[in-house]
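The primary structure of each chain is shown beneath.
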Amino acid sequence: MANNALARHNLRSTQIALFSLATVFSLSFLWYYFRRASKSASPSSQSLNDQTSSKGKDATTTQDKPASRKQPEERKTPTPDEKEAIKTSSKEDEKALHAEIEELDKKGKAFFKAKQFLDAAQAFTDALDLIGSSTEGGSTALQKQAITLLNNRSAMYEKANLPELSLEDCNTILETDPMHVKARTRKLRMLENVLHRPFDALVEVCASQLLHMRQHRNTLRMGLPIPPPPVSESKLHELLTLILPEAVAPYEQELEKRSKAVLPSPYTIVQLLKSYTGYNAWMADAARSGSASSMVIPDEASDAEAIANRATMLMKRGQRYVYDGRYDLASADFEQGFACIENAPDQQAAIDAMPDGAYARLLEWTGMVRHWHYNLEGSMAVYRKCADVEPTNALLLVKQAGVQMDKAELDEAYKLFDMALGIDPDNVDALLHRSNLKMLQSKAEEAKTDLLKCLELKPNHVMARLRLASLFASTNDIESATRQLDMAENEDPKSSDVKSHRGELLFTQNKMEEAREQFEMAIELEPGNPTPYVNCAMTILNTPPGQGQMPDTAAIMDFLERAIEVDSQFTAAYMQLGQLALGTATDLNAAKEVIKLYDNGLANCRTKEEIKELVSMRTLAVAQVDAATMLGMETFNMQ
């Protein structure tokens, strides 16, 4: 929700990390060029299969003839002269083969210069067929020549606008020589710009990065710098930008079905409630009303007074459920109470029969719980109805502005804040929440102005001081930030948020041990607050390990998993945990578990922004796993 976004913003990260450890890749080259020759694209070339097929027919004919019995001939050991003659003949045959291949290669290059690309491809195909049919095909020299010919033919197919054939040749080369730069570069170009397959192109980029990491694995282990990767990180972002619109669509559709039925975490709801100055009065009123179980809800009836009585009691019990932290039951009571009045035969008579102000409060609470459920349109409709009843209630305009912020209708939000301050220029809630909007838009000075006025009006406003401390910290004004935190702590010594903010300030100063102490105190004070769990994980990750040691990944992952346990909707924890788990995966099955983790996070997302972040990470993880599988790698872990 908008009011919780600020507390999470500095944990949101879309950093892309690639870790690799690969096994040596090897395939039979003989299999490779026989396979390639059998897929010759030229209709005029006689394939190796044709040759093999005709030989098979001759063999069958011979076998059909009766065979006469013959005594086995005694084997004779070749004389030295005979051996020399065989050796000389073999060399002459190989020399003739190389000459013929070289002639076809020259012919292909001549066709290329003349821009006769298909004729050039045919010449290279003929040369490959010679290698495929030769008994010398497995020699090192011919293997290298075959790769060169395949690369040349792939280039010709690309020039001739035959991308599928060009791609096939690239794949054949890379199966044998994964480090072949030209083939990999051409493959990426084909996938991205010609075939318009951005995800496959992303897999290819990941493969290039993984190979680069594997090539420099020993250097990385020693903590030394390595050369830049062959494909820039910006290419990853470009491809993700192309992939995301289609990738996020099904998750956004699912969000529309799910979000109205799912509440945010209890901690998030409490934070929203506390952000309004009326919080303590609401809770005090609910406490005085008695336990929820003691409240008797009248049966449904048709007369106005009975309807009014039922709606009022449902509202009171809903308020008590809020006090008890049973937000699902509170939501149900407020919605039922609202429905009582909406469906009354004489609606106005039922409204008039309610105690003074009760109908407006029922509308206000209904608008709020709909906002919790992310039913933004429904929330706005009820808030507007309430504003018609109390047109000078500035808080109703502030709450509408919060809904508009979650709808990303920021101009409308500003208008509503201005209207609220027009009604009440000293409205602390309007100033606080408008400062939040300005902070999210990086309008630091304007936000500071609102916060300073807010604190001038209400000096004990802890949340305002915390936000002001964050502003000072963002400009590296450590002294002012610390002063604001000290004043906030004086007002509320047991505030988990104060400890968490102080830890973040120490983190920015690279005081990791002190920061972690603050985060652990924040967890102890409020175990349901997910932020300090993630912050604890980050302090461990950023604490330099001892000589020859690695960061305590088990402890880091434990804190991140605990953050998800207390708030299954905390996107930052999924992102950090996923990146760490992927980098330390001992095998590809473990890496695939990361994809399941992201799926779990996506099932709990509440905003389109969160979906986009997690889908980006998931897409990259899938691409990395696919790339490693393609390369025959078993892990991303370099250790």
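Residues numbered from 1 in each chain as written. Predicted model: local features only at pLDDT ≥ 70, side-chain atom pairs only at ≥ 80, totals over all residues. Heavy atoms only, no water.

## Here we look at the packing of aromatic side chains
Right, so step 1: Evaluation of the coordinates by the stated rule reveals five aromatic pairs.
Right, so step 2: Here the aromatic rings of phenylalanine 334 and tryptophan 365 are separated by 5.1 Å at their centres, their planes lie at 10°, and the arrangement is stacked. On the criterion of sequence distance, the pair formed by phenylalanine 334 in helix α15 (residues 327–342) and tryptophan 365 in helix α17 (residues 358–372) is long-range, its members being 31 residues apart. There is no split in this pair, since phenylalanine 334 and tryptophan 365 are both buried. (Phe/Tyr/Trp six-rings, centres within 6.5 Å; stacked < 30°, edge-to-face > 60°. Helix = DSSP H or I, 4+ residues; strand = E, 2+ residues; numbered from the N terminus. Buried < 20%, exposed > 50% of the residue type's maximum accessible area, 1.4 Å probe, protein only.)

## Topic: unusual backbone geometry
Right, so step 1: The backbone of lysine 115 shows a phi angle near 65°, a positive value even though the residue is not glycine.
Right, so step 2: Among the structural elements, lysine 115 can be located in the loop between α4 (80–113) and α5 (117–133).
Right, so step 3: Its relative accessible area of 62% is what places lysine 115 among the exposed residues.
Right, so step 4: Positive phi, close to 65°, is recorded for asparagine 510, a residue that is not glycine.

## Comments concerning helix α8 (residues 181–194)
Right, so step 1: If you check α8, its first and last C-alpha atoms are 19 Å apart, about what 14 residues at 1.5 Å a residue would give, namely 20 Å.
Right, so step 2: Of the positions making up α8, those classed as buried are Ala183, Arg184, Arg186, Lys187, Leu188, Met190, Leu191 and Glu192.
Right, so step 3: The inward-facing, buried residues of α8 abut α6 (140–159), α7 (163–176), α9 (198–215), α11 (233–258) and α31 (608–631).
Right, so step 4: Within two residues after α8, histidine 196 carries a phi angle of roughly 55°, on the positive side. (Expected span 1.5 Å × (residues − 1). Contact = heavy atoms within 4.5 Å.)

## Some remarks on the side chain of histidine 180
Right, so step 1: In this fold, histidine 180 is placed in the loop between α7 and α8.
Right, so step 2: The residues contacting histidine 180, other than those within four sequence positions of it, are Ile147, Asn151, Ile173 and Leu174.

## A look at the confidence of the model for the chain
Right, so step 1: Confidence in the prediction for the chain averages 85 pLDDT; 84% of positions are at 70 or higher.
Right, so step 2: Under a pLDDT of 50 for its full length, residues 1–73 has, in the predicted model, 143 contacts with residues more than four places off or in other chains.
Right, so step 3: Low pLDDT, under 50, characterises residues 81–87; the stretch is placed with two contacts to residues that sit more than four places away or in other chains. (pLDDT = per-residue confidence, 0-100.)

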